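# Structural overview
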Amino acid sequence: MCPPKPNASLSTAIGAPATRGALAILHDVTQLERLERVRRDFVANVSHELRTPLAAIRGYAETLLDGALEDPDNNRKFVEVILAQATRLTNIASDLLSLSELESNALKVPAQPVSIRAALESALRTVESAARVQGVRLFCEKLDDYTVIGHELRLEQVFVNLLDNAVKFNRPNGEVQVEMRGNNGKVSILIGDTGIGIPSEDLPRIFERFYRADKARSRAMGGTGLGLSIVKHAIEQMGGTVQVHSRLGEGSEFTIELPTA
Ligand code: ADP
């Protein structure tokens, strides 16, 4: 990673007969370089993600001003596209804000005891109508109550992101199953679906920011590609883990494990 510099002054100093000792200071910059690369990639990805909706908004607004406003067959459709793309930008901005808060630990409220069941039930209510529209049924089993230490809204966001994906990447008449199990000071929450599944080659990368296995469906459903990285960050910050098992064409199961309070 770090080849020695030929004729560096260091080797002269060590070998020099007049000196009694030598001090070598070596800096391992591997991590710094990695972080710099991650930062560069992130900025490039954000710009790329913003460019598409912005171009669409601009294009459709120009088309409307160029005469399509008077075209009753299309004007409403064009305004709907503008609205959908503006919603996408709002989602990206709010997910980026969540990620940056998680990374900088910037939440003003200190972590406190949170009921898993309350967060889960609230998340289920949030995705209920989307599930109905998609023809996906939600099932819950054994929702006992456990308390963990964290932030209520964050935990709710984690469950909304997972449930929303389980609905979005499902099939008509599909199912989403939620289960909770507690043992040995830990609680596991399982969210399984009968959806399209995730190809095994994509599985190791789906928690990365902006990584999408099914790009077309994610974009069509207003996805930002940031949901799972928010899940991972938030759960790890609470001392927990998140795992995924998936079979292509059969479904996926996400398991969150958290230490109980
Ligand atoms: P998105 O906004 O696209 O949902 P996420 O970070 O939440 O972004 O998920 C990343 C990708 O992982 C998705 O685009 C999708 O390809 C895949 N994915 C996540 N959850 C599921 C699921 N339950 N079933 C199938 N694919 C999923």
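Here the residue numbering is sequential within each chain, running from 1 through the sequence in written order. Totals for whole chains, interfaces and linings use every residue, but because this is a predicted model, local features are given only for residues with pLDDT of at least 70 and side-chain atom pairs only at 80 or more, for both listing and counting. Only hydrogens and water are set aside; all other atoms, that is, all heavy atoms of the structure, feed into the side-chain values.

## Remarks on the nonpolar core
- Throughout, nonpolar core names a set of buried Ala, Val, Leu, Ile, Met, Phe, Trp, Tyr and Cys residues whose side chains join them through atoms within 4.5 Å. Remark: exposure states derive from per-residue accessible area (1.4 Å probe, protein chains only) relative to the maximum for the residue type, with buried under 20%, exposed over 50%, and partly exposed in between. Core analysis: the largest hydrophobic core is formed by 48 residues, its most contacted members being Ile116, Leu155, Phe159, Ile189, Ile206, Ile256 and Leu258.
- Counting from the N terminus, the helices are the DSSP runs of H or I reaching at least four residues and the strands are the DSSP runs of E reaching at least two. Listing elements by their share of this core, those giving two or more residues are α3 (75-104), α4 (116-134), α5 (152-168), β4 (175-183), β5 (186-193), α7 (227-237), β6 (241-247) and β7 (251-259).
- Examining the composition of this core, we find that 8 residues originate from one element, α5, more than from any other.
- Contact criterion: two residues are considered in contact whenever any of their non-hydrogen atoms come within 4.5 Å of each other. Apart from the residues lying within four places of it in its own chain, the contact partners of Leu155 are Val114, Ile116, Ala119, Val148, Ile235, Met238 and Leu258.

## As for the pairing of β6
- Every second residue of β6 is oriented toward a common face, the buried set being Val242, Val244 and Ser246 and the non-buried set Thr241, Gln243, His245 and Arg247.
- Paired strands, in this sense, are two strands between which DSSP finds at least two bridges. The pairing of β6 with β7 spans 7 bridges and is classified as antiparallel. Pairing of Ser246 across the sheet is with Ser252, part of β7.
- The hairpin formed by β6 and β7 contains 3 residues between the paired strands, and Gly249 there has a positive phi angle of roughly 80 degrees.

## Points about α5
- With 17 residues, α5 extends 24 Å from end C-alpha to end C-alpha; this agrees with the ideal 24 Å at 1.5 Å per step.
- When you tally the buried positions in α5, you get 14 out of 17 residues, the bulk of the element. A helix is expected to span 1.5 Å multiplied by its residue count minus one.

## Some remarks on the sheet that holds β4
- The 5 strands are arranged β2-β4-β5-β7-β6 in an open sheet whose pairing can be described as mixed. Bordering the open sheet on either side are β2 (137-141) and β6, each of which pairs with just one other strand. Pairs of neighbouring strands in the sheet enclose a mean axial angle of 15 degrees, with direction left out of account.
- Bridging between β5 and β7 involves 7 bridges; their strand directions are antiparallel. The residue of β7 that forms the bridge with Gly192 is Glu253.
- Each of β2, β4, β5 and β7 is contacted by α5, which is oriented at about 25 degrees to β5, the strand it contacts most. All axes here are fitted lines through C-alpha atoms, helices being fitted over the stretch that makes contact, and every angle between N-to-C directions spans 0 to 180 degrees.

## Quick word on the packing of aromatic side chains
- Stacked, edge-to-face and tilted are the three classes for Phe, Tyr and Trp ring pairs, Trp counted by its six-membered ring, which pair at centre distances within 6.5 Å; planes under 30 degrees apart are stacked, over 60 edge-to-face, the rest tilted. Under the counting rule described, the total for this entry stands at 3 aromatic pairs.
- Here the aromatic rings of Phe207 and Phe254 are separated by 6.4 Å at their centres, their planes lie at 75 degrees, and the arrangement is edge-to-face. Of the two residues, Phe207 sits in the loop between β5 and α6 (215-220) while Phe254 sits in strand β7, which places them 47 residues apart along the sequence.
- Residue Phe254 is classed as buried on the basis of its relative accessible area, which comes to 7%.
- Taking NZ or CZ as reference, Arg209 lies 4.4 Å from the ring centre of Phe42, over its face. Only when the NZ of Lys or the CZ of Arg is both within 6 Å of the ring centre and within 35 degrees of the ring normal is a charge said to sit over the ring.

## Section: the site of the ligand
- Any residue with a non-hydrogen atom lying within 4 Å of a molecule or strand is treated as near it. Neighbouring residues of the ligand: 21 residues in total, closest Asn165, Ser218, Thr224, Gly225 and Leu228.
- Contacts described as polar in this section are N or O atom pairs within 3.5 Å, which, within protein, must combine one atom able to donate a hydrogen with one able to accept it, while residues neighboring in sequence count only if both atoms come from side chains. Within the backbone of Asp214, an N or O atom sits 2.9 Å from an oxygen atom of the ligand.
- Only α5, α7 and β7 provide two or more residues apiece to the shell around the ligand.
- In terms of residue count, the dominant contributor to the shell around the ligand is α5 (3 residues).

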